[in-house]
Amino acid sequence: MLGSWTIVFLLGLGVINAAAKDIRVLEKLGFAMPIGLGIATLLLFGFDLVGLPMNSSSLLIGSLAALALATHAAAIPYYRTWFAGLKNREKFSIRQLWPINFGWLVLMGCIAAVVYTVVAKTVFWPVFIHDSVNGYDFLARVIQAEGTFNNSIFDPSYPLYSPRTLYPPLTPLSFSISYMFGHDSAKIITAIFYVSNTLVFYSMLKRYSSHLAAALFSLLFIITPEFAAFSALSSPNPMCTFYSAMGVLSLYVWYRENLNSYFVVGWLSIILAMWTRTESVVFFAAGGLLLLLKTIETKQFVKLALYAITGIGIFFFWRYYLANVLMVDNPDNIIKHLYWDGEKLGRMMAKVKAVTFNMQFFGVLVYLFLAMVAINAYFHIRYREGLALLSIVILPWLAYMFIYYQLDTPYTNDGAVWIESGYKRGLFYFFPLALFYCANNRVANMVFNKWLKL
């Protein structure tokens, strides 16, 4: 079991060291498992397309091991440089740790305690939520039993599928891998992503702010009530949070610093987000905006073309697979023409407001973000500071609202579930972006990088 997960980790790490070697060590540790697991699900799906069994652990582990060896072989030039650099490094001295920021130590202790508690709760309790029992986990168990994605759940003579089994397949395939590796529950997957969210987000924050700010805003992220709760359940939303938010943040670092390694991990993450949940298309668009701005600046179109072709390709591939292989209708309830219904919009926004500003769901996070926008409004307008960063928070949210407006529901009491469940959990994807903005603006930089910096 441990050896199998080590191979997945090494595969992700090999891909990173071969293609994105310049990202930070903490980011490598955080990205390795999600990228390795995402590649494993793509490989499993490829097995199914060519007629190989999806439930053969020896076939999967052998293939992953071969890929891991190949990627690490491709990273040999990086390893040579890295080991050579070790010889020239200064010897570590305990004095380098001084002065110690005790506020940072307290916050890091809180982060460690929260992560341990959520992970322990995750792996202790079995799968029990309806969406997973009747959807993701159910499909994963049938895949493991029958060895194919197009299994008896989709038998037209006795169909057992639900809307939850028609989402892109990264979640059920990840769950099936955990069963293939010998686990009794698939919740180890959500635990992995909770830890990865914490590691990568802290490192991303630290890139432009102090350790104290990184610890504070990381803690605010992982203790957000609904996000922490669903990270302890067998839900795909925290998984998609990682791929969507960390992918967009990586593309933002690339946009700002022109570091190709961050383009690679950002592109891979966004592709895997679209392999997880369809609504992540709004973050595909946000990343595309950053690429478009960079393309206009540099007049180099290769990255934009690669990003667009792969993202659009995976989106339409899944719709083709549903219609022509599984031969099921995806009840997305989307109205496919533009229209105006002010009364419907008013009812929808009333429900959105009630959910978005509910402190029981999201604590102070939304209020903090809006306060930071208001405080920095002068600098945004007068000096055009941070507009790209603010855009990748606001524009995807507006696109997200547009999707809900296009749903074929009047948003009366019967239609409240769209907002009170789907929209509420979809907000998780925006939280790292909003908190990253809170830590990276004129006022926050002054507070944390000058006044509170030791």
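In this text the structure is predicted, and so the values were computed from the model without any measurement.

## Structural notes on helix 1 (residues 2-19)
Thinking step 1. The end-to-end C-alpha separation of helix 1 is 26 Å, in line with the 26 Å expected for 18 residues at 1.5 Å each.
Thinking step 2. Inspection of helix 1 places Ser-4, Trp-5, Ile-7, Val-8, Leu-11, Gly-12, Leu-13, Gly-14, Val-15, Ile-16 and Asn-17 among the buried residues, and these make up the whole buried set.

## A look at the pattern of salt bridges
Thinking step 1. Considering all chains together, one arrives at seven salt bridges under this definition.
Thinking step 2. Asp-137 is paired through a salt bridge with Arg-141; the nearest N and O atoms lie 2.8 Å apart. Taken together, the residues span about one helical turn, with Asp-137 and Arg-141 both in helix 6 (residues 130-146) at a distance of four residues.
Thinking step 3. It is possible to trace a salt-bridge network through shared partners that takes in Asp-131, Arg-164 and Arg-425.

## Quick look at unusual backbone geometry
Across residues other than glycine, the phi torsion is negative in most instances, and most of the peptide bonds are trans.
Thinking step 1. One non-glycine residue, Asn-258, lies in the positive phi region at around 60°.
Thinking step 2. The residue Asn-258 is located in the loop between helix 11 (237-257) and helix 12 (260-274) in this model.

## Observations regarding the side chain of Thr-224
Thinking step 1. Turning to its location among the elements, Thr-224 is positioned in the loop between helix 9 (211-222) and helix 10 (225-231).
Thinking step 2. One polar contact links the side chain of Thr-224 to the main-chain carbonyl oxygen of Leu-220, over a distance of 2.9 Å.
Thinking step 3. Among the polar contacts made by the side chain of Thr-224, one reaches the main-chain carbonyl oxygen of Phe-221 at a distance of 3.1 Å.
Thinking step 4. Once you skip the residues sitting within four places of it in the chain, Thr-224 turns out to touch Phe-361, Phe-362, Leu-365 and Phe-431.

Reading the values: the criteria
- Residues numbered from 1 in each chain as written.
- Predicted model: local features only at pLDDT ≥ 70, side-chain atom pairs only at ≥ 80, totals over all residues.
- Heavy atoms only, no water.
- Helix = DSSP H or I, 4+ residues; strand = E, 2+ residues; numbered from the N terminus.
- Expected span 1.5 Å × (residues − 1).
- Buried < 20%, exposed > 50% of the residue type's maximum accessible area, 1.4 Å probe, protein only.
- Salt bridge = Lys/Arg side-chain N within 4 Å of Asp/Glu carboxyl O.
- Polar contact = N/O pair within 3.5 Å; in protein donor to acceptor, adjacent residues only side chain to side chain.
- Contact = heavy atoms within 4.5 Å.

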